[in-house]
Number of protein chains: 2
Amino acid sequence: MFADLKTMDAGELEADIAFGEGADLVTVLGTAGDSTIVGAVAAAPKHGKGVVVDLIGVADKPARAREVVALGAEFVEMHAGLDEQAEPGFSLDTLPRAGEAAGVPFSVAGGVSAGSVAAVQAAGARTAVAGSLTHVGRRIGRPPGGRRRTIGSATI
Amino acid sequence: MFADLKTMDAGELEADIAFGEGADLVTVLGTAGDSTIVGAVAAAPKHGKGVVVDLIGVADKPARAREVVALGAEFVEMHAGLDEQAEPGFSLDTLPRAGEAAGVPFSVAGGVSAGSVAAVQAAGARTAVAGSLTHVGRRIGRPPGGRRRTIGSATI
């Protein structure tokens, strides 16, 4: 279970609760402070689980990716939100390129489509998130059935 | 009703839903992109409501405060999270000082106590949030009774 908490504070508390409820992975925002990421990472070993850092809103994604993996994150999500995707000049290509540049494990989320998923995978992404394609939160390679809330920050 | 959504994406959609449900103010994270803040602001006039930008995690709070008020935010929240408050050397004083430096309407949240609220008010804050003091989400000057979730990002 992927608990997309997008935690911004109280990292250890939020992660601990989610892991305790059965989450396998939780997300923390990359714009959160290092102490929040360290807190969430500290909660993971007790449960044998992991922390993913969502880099939405982070300007220098490769640099922050390396920082948070050094802090103990399992991988990062190279993520452009719906609002960013709607901005003039947005290109999905920036996300897998940022992943390649980072040199750490990463996923990509930002408008991945049937036409672009091959390029995302070729760049080395371990997961391509196709939320805006399906609008039900399916991840490519998993069976459908999950539901995604479109308000709030929790996607489970 | 203060809907502390801490929106990071889909600004117009999230704000529109919250205003439609009766929120008077919604929060957007200052680390969100400008297009997310603009989207939330766009939803406000339809309902006669307002947007507050929460500056948790923002390095240069005065500069970002001025930017987001120029984009249409009612005021900003000079906010240090629980994790930041626990870091060595943290001082609440930085928050009202950032508000004074910004020169725009602001609230302060970051461990305000009975002993510090006077200084926060003297700095010109329109609201002092005393969440960690009460742990039930009361705001100074309002009657008690609200409840605050300590996980997740919604405080209503």
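Residues numbered from 1 in each chain as written. Chains lettered and ligands numbered in written order. Predicted model: local features only at pLDDT ≥ 70, side-chain atom pairs only at ≥ 80, totals over all residues. Heavy atoms only, no water.

A. Seen up close, the overall build of chain A. Along chain A, the regular secondary structure elements total 7 helices and 6 strands. Ordered by position from the N terminus, the helices and strands of chain A form the series β-α-β-α-β-α-β-α-α-β-α-β-α. Buried positions account for 51% of the 156 residues belonging to chain A. For chain A, the exposed area adds up to about 6800 Å²; of that, 53% sits on carbon and sulfur atoms. (Helix = DSSP H or I, 4+ residues; strand = E, 2+ residues; numbered from the N terminus. Buried < 20%, exposed > 50% of the residue type's maximum accessible area, 1.4 Å probe, protein only. Areas by Shrake-Rupley, 256 points an atom, 1.4 Å probe, with all protein chains shown as cover.)

B. Seen up close, the pairing of strand 5 (residues 106–109) of chain A. Residue and element names in this part refer to chain A. Covered by surrounding structure in strand 5 are Phe 106 and Val 108 together with Ser 107 and Ala 109, the residues of both alternating faces. Bridge analysis of strand 4 (residues 75–79) against strand 5 gives 4 bridges, and the strand direction is parallel. Within strand 5, the position partnered with Met 78 by the bridge is Val 108. Once you follow strand 5 into helix 6 (residues 117–122) and on to strand 6 (residues 127–129), the crossover reads as right-handed. (Pairing = 2+ DSSP bridges. Right-handed = clockwise from strand over helix to strand, strands pointing away.)

C. Inspection of the side chain of B:Glu77 at higher detail. Checked against the element boundaries, B:Glu77 lands in strand 4 (residues 75–79). One polar contact links B:Glu77 to B:Ser107, side chain to side chain, over a distance of 3.3 Å. (Polar contact = N/O pair within 3.5 Å; in protein donor to acceptor, adjacent residues only side chain to side chain.)

D. Geometry of the pairing of strand 2 (residues 25–29) of chain B. Residue and element names in this part refer to chain B. Within strand 2, 5 of the 5 residues are buried, which leaves the element mostly enclosed by the surrounding structure. Side chains Leu 25, Thr 27 and Leu 29 of strand 2 all project onto a buried face; the interleaved residues Val 26 and Val 28 project onto the opposite face, where all are buried too. Both strand 1 (residues 2–7) and strand 2 contribute to a ladder of 3 bridges, which runs parallel. Of the residues in strand 2, the one forming a bridge with Phe 2 is Leu 25.

E. Region of interest: the interface of chain B and chain A. Across the boundary between the two partners, chain B contributes 22 residues, which contact 22 residues of chain A. For the pairing of chain B and chain A, the buried interface totals around 1800 Å² over both sides, and the portion due to carbon and sulfur atoms is 57%. At the boundary of chain B and chain A, one finds 0 salt bridges. One can count 13 residue pairs in polar contact (both at pLDDT 80 or more) joining chain B with chain A. Contributing elements (two or more residues each) for the side of chain B that touches chain A: helix 1 (11–20), helix 2 (34–47) and helix 4 (82–85) of chain B. With 4 residues, helix 1 of chain B is the single largest residue contributor to the side of chain B that touches chain A. (Contact = heavy atoms within 4.5 Å. Buried area = accessible area lost by both parts, 1.4 Å probe. Salt bridge = Lys/Arg side-chain N within 4 Å of Asp/Glu carboxyl O.)

F. View of the relation of the copies chain B and chain A. Once chain B has been moved 0.0 Å along the axis and rotated by 180 degrees, it coincides with chain A to within an RMSD of 0.0 Å. Interpreted geometrically, this transformation is the action of a two-fold axis. Taking C-alpha positions as the reference, the residue of chain B nearest the rotation axis is B:Thr31, at 3.3 Å. Comparing contact sets, 100% of the residues at the interface of chain B also lie at the interface in chain A, consistent with an isologous, same-surface contact. (Least-squares fit on C-alpha atoms with pLDDT ≥ 70 in both.)

G. Representation of the nonpolar core. Counting residues in hydrophobic clusters, the biggest one holds 80 residues, and the most contacted among them are A:Met78 and B:Met78. The residues touching A:Met78, leaving out its near neighbours within four places in the chain, are A:Leu55, A:Lys61, A:Ala65, A:Leu95, A:Ala98, A:Gly99, A:Ala102, A:Phe106, A:Ser107, A:Val108 and A:Ala109. (Core = buried A, V, L, I, M, F, W, Y, C linked by side-chain atoms within 4.5 Å.)

H. Quick look at the UniProt feature "domain: Orotidine 5'-phosphate decarboxylase" (unreviewed entry) in chain A. The sites that carry the UniProt feature "domain: Orotidine 5'-phosphate decarboxylase" (unreviewed entry) are, in the present numbering, residues 2–91 of chain A. As annotated, residues 2–91 of chain A has a helix share of 42% and a strand share of 23%, and its two end C-alpha atoms lie 26 Å apart. (UniProt positions renumbered as here; feature names shortened; annotations may be inferred.)

I. Highlighting helix 5 (residues 94–102) of chain A. Residue and element names in this part refer to chain A. Inspection of helix 5 places Leu 95, Pro 96, Ala 98, Gly 99 and Ala 102 among the buried residues, and these make up the whole buried set. Projection of helix 5 onto a plane perpendicular to its axis shows the buried side chains occupying an angular sector of 155 degrees, all on one side. Exposed side chains of helix 5 directed beyond 90 degrees from the buried face belong to Arg 97 and Glu 100. Among the structural elements, helix 3 (61–70), strand 4, strand 5 and helix 6 are those in contact with the buried residues of helix 5. Backbone geometry just downstream of helix 5 places Gly 103 in the positive-phi region, at approximately 75 degrees. (Arc of directions from axis to C-beta.)

J. A look at the packing of helix 3 of chain A against helix 5 of chain A. All names here are of chain A. Their axes nearest at 8 Å, the elements helix 3 and helix 5 cross at an angle of 50 degrees. Comparing the axis directions of helix 3 and helix 5 gives the class oblique. Considering the relative orientation of helix 3 and helix 5, their crossing is right-handed. Between helix 3 and helix 5, the residues in contact are Lys 61, Pro 62, Ala 65 and Arg 66 and Leu 95, Ala 98, Ala 101 and Ala 102, respectively. The residue makeup of the contact of helix 3 with helix 5, split by class, is 6 nonpolar, no polar and 2 charged. (Axes fitted to C-alpha atoms, helices over the stretch in contact; angles between N-to-C directions. Parallel < 35°, antiparallel > 145°, perpendicular 65-115°, else oblique. Left-handed = near helix turned anticlockwise from the far one by under 90°. Nonpolar A, V, L, I, M, F, W, Y, C, P; charged D, E, K, R; others polar.)

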